[in-house]
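Residues per chain, in single letters:
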Amino acid sequence: MKDKRPRTHDLELLSAYLDNELTPPQRQELETLLELDSALREKLENMRRTKFTLGSLPRLNAPRSFALTPEMVSVRRKKQPPLFTALRLASSIAAVLLVALVGIELVLGYGLGTGLMASQALETVSDSVESQDPAEPLILWAEPGANEASAMGGGSDERSYSTDIESAESLEMEAKAAPVEEDLESGVLSEEAETSKAADEGEAEGPILGLNPEEGGEIIERSESAVTEDDAAPGVFLGVFRWAQIALGVIAATGLITLWILHKKRQA
Amino acid sequence: MDETALIQEALDGNLGSFNYLVVQYQDMAFNVAYRIMGEPGAAEDATQEAFISVYQKLEQFRGGSFKAWLLRIVSNACYDELRRRQRQPVAPLKPEVNDGETWEEPDWLKDPSASPEECFEQAVLQDAIQECINKLDDKFRVILVLVDVEGLDYKTAAAAAGAPLGTVKSRLARARDRIQNCLQRFWELLPDMFRLKDEETA
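Residues numbered from 1 in each chain as written. Chains lettered and ligands numbered in written order. Predicted model: local features only at pLDDT ≥ 70, side-chain atom pairs only at ≥ 80, totals over all residues. Heavy atoms only, no water.

**Things to note about the overall build of chain A**
Condition: We count a stretch as a helix when DSSP gives it H or I for four or more residues in a row; a strand needs E for two or more, and each element gets its number in order from the N terminus. When checking whether two residues touch, look at their non-hydrogen atoms; a contact exists if any pair is within 4.5 Å. Here the Shrake-Rupley method, with its probe set to 1.4 Å, supplies the accessible areas, and only the displayed protein chains count as covering residues.
Within chain A one finds 9 helices and 2 strands. Residue pairs in contact within chain A that sit at least 24 positions apart in sequence constitute 80% of those at least 6 positions apart. Total accessible area on chain A is roughly 17600 Å²; 58% of this is exposed by carbon and sulfur atoms.

Here it is, written out as structure tokens:
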């Protein structure tokens, strides 16, 4: 040991050595050190004297009897005030429920959130499309009985639709810009949004061509309104979920603060 | 009657049986409380609180050393009392004479077999040691009192302090080192046999 003052580890060894609490190898190691280090020997001797000094303190007798009386026990066993108990119970339940809700949200809530954002993105797309001038149709209906492949957007007689194609292209570019930007900002592209985007990209070369159902064509898919209604449910659910978390948090926090104040008053 | 039977009877609501336990352990409990608190009034309060708490929590006793369990509750009562007194300081019960020269030890602290001179020396020495104990942090003080004053082994002290064995060893070593440094200030009060080696040569 270079310093006169022993390190904490040496102190612990010396202290345990005095109390015979060292393992045989530790004891042997320390005894070897003690033979070589006079400062350590001195420290051990001083510690031994300190221990002896402390042990020499007289044992005090109790100044009086501490035997309990029935009054002491009944006073102490008196139940805590109902408010105290009720608050503690309410806070505990609220805290447990809050933790459970947060846990549920962590496990499932992310999906709910993305579903809501996706439905919002779809609504934005449909709103943009609906806001276009109805006089400039994006879907050009083919005559009943026309080639189905062509009617489904597979290309058709370019001569008869050339004017419409030009106007539809310009409208399509405008309609496409805003919602895609919004989707990118939200950082999430749902499957539906991606499908919509892919369809949009396909339309860059021409308008959608389809069979008009009112003139004998079959409705292939008309799910726009259904999608909007279905996705409104997670949004409402998410709102209720969030409010429930806030309410539980407030109950738990208020209860704990009140309990703490009551506890301090009781201690005083 | 053995301890286990007394505890069982106390659990059945027999306060008399519990008071047998109180009588058996009250000196030890008060002694530990006094050395931790450093003040008789506070030690009395802590001891009484501890016994009431022991009675109320008796159902939680899961066997093992009742003494260690009791001392743990006494230590906790002392911690609580120390905290309470830190928030609301109270006047010391040791009355100081106006000139501040000396103070009167309560009668129950006096050793009736000692001469007046011995009594005085003992009182001064004990006061010096107790002052050094009081200067320790609570966590060091409790371990030091349990092991060096009360004479508990490490395992029982660990149970009584509610601390792991390694923590007890570490705290005890540091507490002894600090006490030793503190006692150097009072070395001239210590009888020869208690004097530290480096002080003798100083």
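That shown, we press on.
**Focus: the overall build of chain B**
Defined as follows: Here the term buried applies to any residue with accessible area under 20% of the maximum for its type, exposed to any over 50%, and partly exposed to those in between, with areas from a 1.4 Å probe on protein chains only.
On a plain count of helices and strands, chain B comes out with 9 helices and 0 strands. Ordering the α and β elements of chain B from the N terminus gives α-α-α-α-α-α-α-α-α. Relative to its full complement of 202 residues, chain B shows a buried share of 49%. Expressed as a percentage of contacts within chain B between residues at least 6 apart in sequence, the contacts between residues at least 24 apart total 62%. Only carbon and sulfur atoms are counted for the fraction: they give 49% of the accessible area of chain B, which is about 9900 Å².

**A closer look at the state of the cysteines**
Residue and element names in this part refer to chain B. What counts here: Pairs of cysteine sulfur atoms within 2.5 Å are what we label disulfides.
Applying the stated criterion across every chain yields a total of 1 disulfide over all chains. Here C132 pairs with C182 through a disulfide, and the sulfurs are 2.1 Å apart. The sign of the S-S torsion, about -80 degrees, decides the handedness of the disulfide formed by C132 and C182: left-handed. Of this pair, C132 sits in helix 5 (residues 116-135) while C182 is found in helix 8 (residues 165-183), placing the two residues 50 residues apart along the sequence.

**So, the packing of helix 3 (residues 40-56) of chain B against helix 4 (residues 66-87) of chain B**
Residues and elements named next belong to chain B. Rule in force here: Here an angle of 0 to 180 degrees is reported between the N-to-C directions of two axes, which are lines fitted to C-alpha atoms, with helices fitted over the stretch in contact. Note on angle classes: values under 35 degrees are labelled roughly parallel, values over 145 roughly antiparallel, values of 65 to 115 roughly perpendicular, and the remainder oblique. By convention the crossing between two helices is left-handed if the near helix lies anticlockwise of the far one by an angle smaller than a right angle, and right-handed if it lies clockwise.
Here helix 3 crosses helix 4 at 130 degrees, and the two axes come no closer than 8 Å. Between helix 3 and helix 4, the angle is such that the two are oblique. Crossing hand, helix 3 versus helix 4: right-handed. Along its contact with helix 3, which presents G41, A42, D45, A46, A50, F51, S53 and V54, the element helix 4 presents F66, W69, L70, I73, V74, A77, C78, E81, R84 and R85.

**Focus: the interface of chain B and chain A**
The condition that has to hold: As a working definition, buried area equals the accessible area (1.4 Å probe) given up by two parts on being put together, with both sides summed. A side-chain nitrogen of Lys or Arg and a carboxyl oxygen of Asp or Glu constitute a salt bridge if their distance falls within 4 Å. Whenever a nitrogen or oxygen atom comes within 3.5 Å of another N or O atom, the pair is scored as a polar contact, on the condition that within protein one atom can donate a hydrogen and the other can accept it, and that pairs from neighbouring residues in sequence are kept only if both atoms are in side chains. Nonpolar residues are Ala, Val, Leu, Ile, Met, Phe, Trp, Tyr, Cys and Pro. Charged residues are Asp, Glu, Lys and Arg, and all others, Gly as well, are polar.
Each partner contributes residues to the interface: chain B has 55 residues there, and chain A has 43 residues. Buried area between chain B and chain A, both sides added, is near 4500 Å², and the carbon and sulfur share of it is 57%. On inspection of chain B and its partner chain A, the count reaches 5 salt bridges. Note that K43(A) is salt-bridged to D177(B), the shortest N-O span being 2.5 Å. The interface formed by chain B and chain A holds 15 residue pairs in polar contact (both at pLDDT 80 or more) in total. For the side of chain B that touches chain A, the elements supplying multiple residues, two or more each, are helix 2 (15-37), helix 3, helix 4, helix 5, helix 6 (138-149), helix 8 and helix 9 (197-200) of chain B. Split by residue class, the side of chain B that touches chain A holds 25 nonpolar, 11 polar and 19 charged.

**Comments concerning the packing of helix 3 (residues 38-55) of chain A against helix 8 of chain B**
The geometry of helix 3 of chain A relative to helix 8 of chain B is characterised by a closest axis approach of 10 Å and an angle of 85 degrees between their N-to-C directions. As far as their axial angle goes, helix 8 of chain B and helix 3 of chain A are roughly perpendicular. Packed against helix 3 of chain A, whose contacting residues are K43(A), N46(A), M47(A), T50(A), K51(A), T53(A) and L54(A), the element helix 8 of chain B presents A173(B), R176(B), D177(B), I179(B), Q180(B) and L183(B) at the interface.

**Observations regarding the pattern of salt bridges**
For the structure on display, the rule yields 15 salt bridges over all chains. Between D19(A) and K51(A) there is a salt bridge, with its nearest N and O atoms 3.0 Å apart. Pair noted here: D19(A) is in the loop between helix 1 (8-18) and helix 2 (24-36) and K51(A) is in helix 3, with a separation of 32 residues, a long-range link. D19(A) sits in the buried class, given a relative accessible area of 16%. Between E131(B) and K135(B) there is a salt bridge, and its shortest N-O distance comes to 3.6 Å.

**Comments concerning the confidence of the model for chain A**
Regions with low pLDDT carry predicted coordinates that are not meant to be interpreted in detail. Residues and elements named next belong to chain A. Condition: Scored from 0 to 100, pLDDT reflects the predictor's confidence in each residue.
When pLDDT is averaged across chain A, the result is 68; 47% of the residues are at 70 or more. In the model of chain A, helix 6 (residues 148-154) stands out as the element of lowest mean pLDDT, 46, in contrast to helix 2, which has the highest, 92. Across residues 177-190, confidence stays below pLDDT 50; counting only partners more than four residues off in sequence or on other chains, it has 12 contacts. Contacts of residues 221-227 to residues separated by more than four positions or lying in other chains number 4 contacts, the stretch itself having pLDDT below 50.

**Let's talk about a nonpolar patch on the surface**
Residue and element names in this part refer to chain A. Stated precisely, the cut-off is as follows: Candidates for patches are residues over 30% relative accessible area with no salt bridge; among them, like charges are joined within 9 Å and nonpolar side chains (Val, Leu, Ile, Met, Phe, Trp, Tyr) within 5 Å.
Side chains of V102, I104, L106, V107 and L108 sit close together on the surface and give an oily, nonpolar patch of about 500 Å² of accessible area. By the secondary structure assignment, I104 is in helix 5 (residues 82-130). On the basis of relative accessible area, I104 is assigned to the partly exposed category, the value being 39%.

**As for helix 1 of chain A**
Structurally, the α-helix is built with 3.6 residues per turn, so residues lying three or four positions apart point the same way. Most of helix 1 of chain A sits out of view: 8 of its 11 residues are buried. Packed against the buried residues of helix 1 of chain A are helix 2 and helix 3 of chain A together with helix 7 (154-161) and helix 8 of chain B. Taken from the residues just after helix 1 of chain A, N20(A) is the one with a positive phi, measuring 60 degrees.

**Some details on the nonpolar core**
Threshold: In these notes, a set of buried Ala, Val, Leu, Ile, Met, Phe, Trp, Tyr and Cys residues joined through side-chain atoms within 4.5 Å is what counts as a nonpolar core.
Residues F18(B) and F66(B) are the most contacted members of the largest nonpolar core, which totals 83 residues. The element best represented in this core is helix 2 of chain B, accounting for 13 residues. In contact with F66(B), other than residues within four places in its own chain, are E3(B), I7(B), L21(B), Y25(B), V54(B), L58(B) and F61(B). With 5 residues, the next largest nonpolar core counts A94(A), F241(A), L248(A) and A252(A) among its residues.

**What about the side chain of S15(A)?**
Among the structural elements, S15(A) can be located in helix 1. With residues up to four places along the chain from it excluded, the contact list for S15(A) reads M47(A), Y154(B), L172(B), A173(B) and R176(B).

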